[in-house]
Amino acid sequence: MSDNITVAGVSVDTRHWIGGERVASAGTFTDHSPIDGRALGEIARGGPDEAEAAVVAARDAFPGWAATPRADRARILHAVADGVEKRIEELAIVETTDNGALLRSHRRGVMPRVAHNFRFFADWLLRLDHEDFETRGHTNHVGWDPAGPCVLITPWNAPLMLATWKVAPALAAGNTVVLKPAEWSPLTASLLADIAAEAGLPAGVLNVVQGYGSEIGDALTSHPDVRRISFTGSVPTARRIAGSAAANLTPLSLELGGKSPLLVFADADLDLAVDLAVEQYDNAGQVCLAATRLLVEEPVAEEFTRRFTEKAAALRQGDPRDEGTDIGPTIHPRQLDKIDGFVQRALAAGARAVIGGHRKDGQYYAPTLLTDVAQDSEIVQEEVFGPVLTLQTFDGEDEAVRLANDTRFGLAATVATGDRERAERVTARLVAGTVWVNCFFVRDLRAPFGGSRQSGVGREGGTWSFDFYCDLKNTVTAPEGWDQDHG
Ligand SMILES: NC(=O)C1=CN([C@@H]2O[C@H](COP(=O)(O)OP(=O)(O)OC[C@H]3O[C@@H](n4cnc5c(N)ncnc54)[C@H](O)[C@@H]3O)[C@@H](O)[C@H]2O)C=CC1
Ligand SMILES: O=C(O)/C=C/C=C(\O)C(=O)O
């Protein structure tokens, strides 16, 4: 097996990155491009041995990195961001080739955010502070101590963006990392290892292991030397990871799926509401935050559907490398089958496809809108993770809130209304980690990000990330001359 593959002119090392060295595995798996199904190359297929080596490397590197002054850690993370910025074009084309999301988004939105993730957490580290407070003359000082080796397991829908959301704060906090990217999109994590090494990150501080989650995952998540596990992905995998972590009581952060609603009230700016709805097809619907349930107030439902259909018909589906493309392929034939399975079962149960409802050539799925769906049906309750929306109508705020909250998820919600007071009333009643009012996907790393119910456990972003990746320590210091016996 060759150690490198060339993807769109960019050389990518296909081996693991452990303890500052490239490490091969006896076995490999084939990585395919969703654009045309073409095999991109063979990737190292790690298992328990590679998991053990990576955790040991992270454990050995931990004392040195934890003791590195904050300012030096921050400087290195900024150097990583510089490296990302220098390679935005390469990262963008490799990511698009590997996961099929739009090249223009990767170039102009996603990869700049990757760099920002490192800069943000480097800067936040330097201002991380808590006001001291007094208890009967004693000073309480709260500090954030590095926790130790962290295992970070990440998905394929926004591979480098979502990985660096975890890698950057974990490293900033003084922890060491074992990153396992998804097997359907393994490449940019390997490039990140190169960039981090060039930026001066010491050996063993960031390790990247490749392979199937089912083969390497358990060894990583059940390892007794791992101090934190952060996972983004599906609920069934989260359950399994939580089971492994339970044996060692390893703290977990889980960012899981969603079935988020978009509530369109009759007083909303209907063109804005339609724009928000059509945007849910972004990344072929493979976005955890996507508002896949359109809930529209009865009096405007017909007009909303007419305008939505018109706007959606203008979406251009095709090669994600073309500047004019709006929707690319789905990630993998298995994901395509899964999406189509949901849709065909919904149609068989009586749903009506206003648009789409079928596969297209290759790994593409037609943007789909289904109506005549029951609240308790699979298509309304389960995460499809494809370009598939449902539309239901409601009559008044109470019914809107009831439908919106009636799933096992609680990641996000969007409210379209022209009435600010209604927005406040409705928002207060929604179960969601993030609510957008008359907007969608406005993101800020200072905000807590995460889900309620089965959409996740914990929040990441700003200080919340450091709270998770650190052992918080309160130091209580007595005043000069304190006499413990007599106060
Ligand atoms: N951001 C999100 O909310 C995401 C949600 N999903 C949902 O999950 C569904 C299935 O997608 P999958 O790729 O199968 O998601 P998944 O949850 O199985 O995979 C996500 C990551 O978990 C790893 N993994 C799998 N089994 C593991 C184990 N036993 N221990 C440790 N790590 C393990 C995978 O290798 C990958 O890196 C999607 O259709 C979608 O509904 C998938 C990806 C992202
Ligand atoms: O881009 C963000 O801020 C959040 C993205 C999250 C997902 O797309 C996900 O986890 O699926």
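Please read these numbers as outputs of a predicted model, since none were measured by experiment. (Residues numbered from 1 in each chain as written. Chains lettered and ligands numbered in written order. Predicted model: local features only at pLDDT ≥ 70, side-chain atom pairs only at ≥ 80, totals over all residues. Heavy atoms only, no water.)

A. Structural detail: the site of ligand 2. Taken together, Arg-113, Asn-157, Met-161, Leu-162, Trp-165, Thr-232, Val-287, Cys-288, Leu-289, Phe-441 and Arg-443 are the residues near ligand 2. In this structure, Arg-113 approaches ligand 2 through a side-chain N or O atom, which is 2.7 Å from an oxygen atom. Between an oxygen atom of ligand 2 and a side-chain N or O atom of Asn-157, the distance comes to 2.5 Å. Here ligand 2, which alone exposes 320 Å², has 94% of that area covered by the protein. For the shell around ligand 2, the element with the most residues is helix H5 (residues 159–172), which contributes three residues. The residue makeup of the shell around ligand 2 includes at least three contributed by each of domain 1 (4–256 + 451–474) and domain 2 (261–437). (Near = heavy atom within 4 Å. Polar contact = N/O pair within 3.5 Å; in protein donor to acceptor, adjacent residues only side chain to side chain. Areas by Shrake-Rupley, 256 points an atom, 1.4 Å probe, with all protein chains shown as cover. Helix = DSSP H or I, 4+ residues; strand = E, 2+ residues; numbered from the N terminus. Domains from an automatic or database assignment.)

B. Highlighting the pattern of salt bridges. Scanning all chains against the criterion turns up 38 salt bridges. The partner of Glu-215 in a salt bridge is Arg-45, and the shortest N-O contact between them spans 2.6 Å. Taken together, the positions of Glu-215 in helix H7 (residues 213–221) and Arg-45 in the loop between strand S6 (39–44) and helix H1 (48–67) put the pair 170 residues apart, joining distant regions of the chain. When its relative accessible area of 32% is taken as the criterion, Arg-45 is described as partly exposed. Linked through salt bridges whose partners overlap, the residues forming this network are Asp-3, Asp-13, Arg-15, Arg-22 and Asp-194. (Salt bridge = Lys/Arg side-chain N within 4 Å of Asp/Glu carboxyl O. Buried < 20%, exposed > 50% of the residue type's maximum accessible area, 1.4 Å probe, protein only.)

C. Highlighting the sheet that holds strand S19 (residues 412–416). The strand order across the open sheet built from seven strands is S16-S17-S18-S15-S14-S19-S20, with neighbouring strands paired in mixed fashion. At either margin of the open sheet sits one strand with a lone partner, and together these are strand S16 (352–355) and strand S20 (434–437). On average, each strand axis in the sheet is tilted by 25° relative to the strand beside it, whichever way the strands run. The pairing of S19 with S20 spans four bridges and is parallel. Along S20, the bridge assignment pairs Ala-413 with Val-435. Where helix H9 (residues 270–278) meets the sheet, its contacts fall on strand S14 (261–264), strand S15 (293–297), strand S18 (388–394) and S19, and the angle it forms with S14 comes to roughly 170°. (Pairing = 2+ DSSP bridges. Axes fitted to C-alpha atoms, helices over the stretch in contact; angles between N-to-C directions. Contact = heavy atoms within 4.5 Å.)

D. Up close: the side chain of Glu-297. With respect to the helices, strands and loops of the structure, Glu-297 is situated in strand S15. An unpaired buried charge is present at Glu-297: no salt bridge exists, and Arg-422, the closest side chain of opposite charge, is 4.9 Å distant. Reaching out from Glu-297, the side chain makes a polar contact with the backbone nitrogen of Gly-396 at a distance of 3.4 Å. Other than its neighbours up to four places away in sequence, Glu-297 contacts Val-264, Phe-265, Ala-266, Phe-394 and Gly-396. (Lys, Arg positive; Asp, Glu negative; His and termini not counted.)

E. Examining the packing of aromatic side chains more closely. By the definition in use, this model includes 13 aromatic pairs. With centroids separated by 5.4 Å and ring planes inclined at 85°, the aromatic side chains of Trp-156 and Phe-385 adopt a geometry described as edge-to-face. Of this pair, Trp-156 sits in the loop between strand S9 (149–153) and H5 while Phe-385 sits in the loop between helix H12 (378–381) and S18, and the two are 229 residues apart along the sequence. For Trp-156, a relative accessible area of 14% corresponds to the buried category. On the basis of relative accessible area, Phe-385 is assigned to the buried category, the value being 14%. Arranged with centres 5.1 Å apart and planes meeting at 70°, the rings of Trp-436 and Phe-440 form a pair that is edge-to-face. Overall, the relative accessible area of 10% leaves Phe-440 in the buried class. An aromatic cluster of three or more residues is present, and its members are Phe-120, Phe-121, Trp-124 and Phe-466. Sitting over the face of the ring of Trp-124, Arg-127 holds its NZ or CZ atom 4.3 Å from the ring centroid. The ring of Phe-468 has Arg-228 lying over it, and the distance from NZ or CZ to the ring centre is 5.8 Å. (Phe/Tyr/Trp six-rings, centres within 6.5 Å; stacked < 30°, edge-to-face > 60°. Lys NZ or Arg CZ within 6 Å of the ring centre and 35° of its normal.)

F. Region of the structure containing the site of ligand 1. Inspection of the region around ligand 1 gives 27 residues, with Thr-154, Trp-156, Glu-183, Ser-234 and Lys-338 positioned closest. At 2.8 Å from an oxygen atom of ligand 1 is found a main-chain nitrogen or oxygen belonging to Thr-154. In this structure, an oxygen atom belonging to ligand 1 sits 3.3 Å away from a main-chain N or O atom of Gly-213. The fraction of the free accessible surface of ligand 1 (810 Å²) that becomes covered by protein chains is 89%. Counting residues per element, the ones that place at least two in the shell around ligand 1 are H7, strand S12 (228–232), helix H8 (235–248) and helix H11 (333–348). Sorting elements by how many residues they give to the shell around ligand 1 places H7 first, with four residues. In the shell around ligand 1, the residues fall into ten nonpolar, eleven polar and six charged. Counting only domains with at least three residues in the shell around ligand 1, you end up with domain 1 (4–256 + 451–474) and domain 2 (261–437). (Nonpolar A, V, L, I, M, F, W, Y, C, P; charged D, E, K, R; others polar.)

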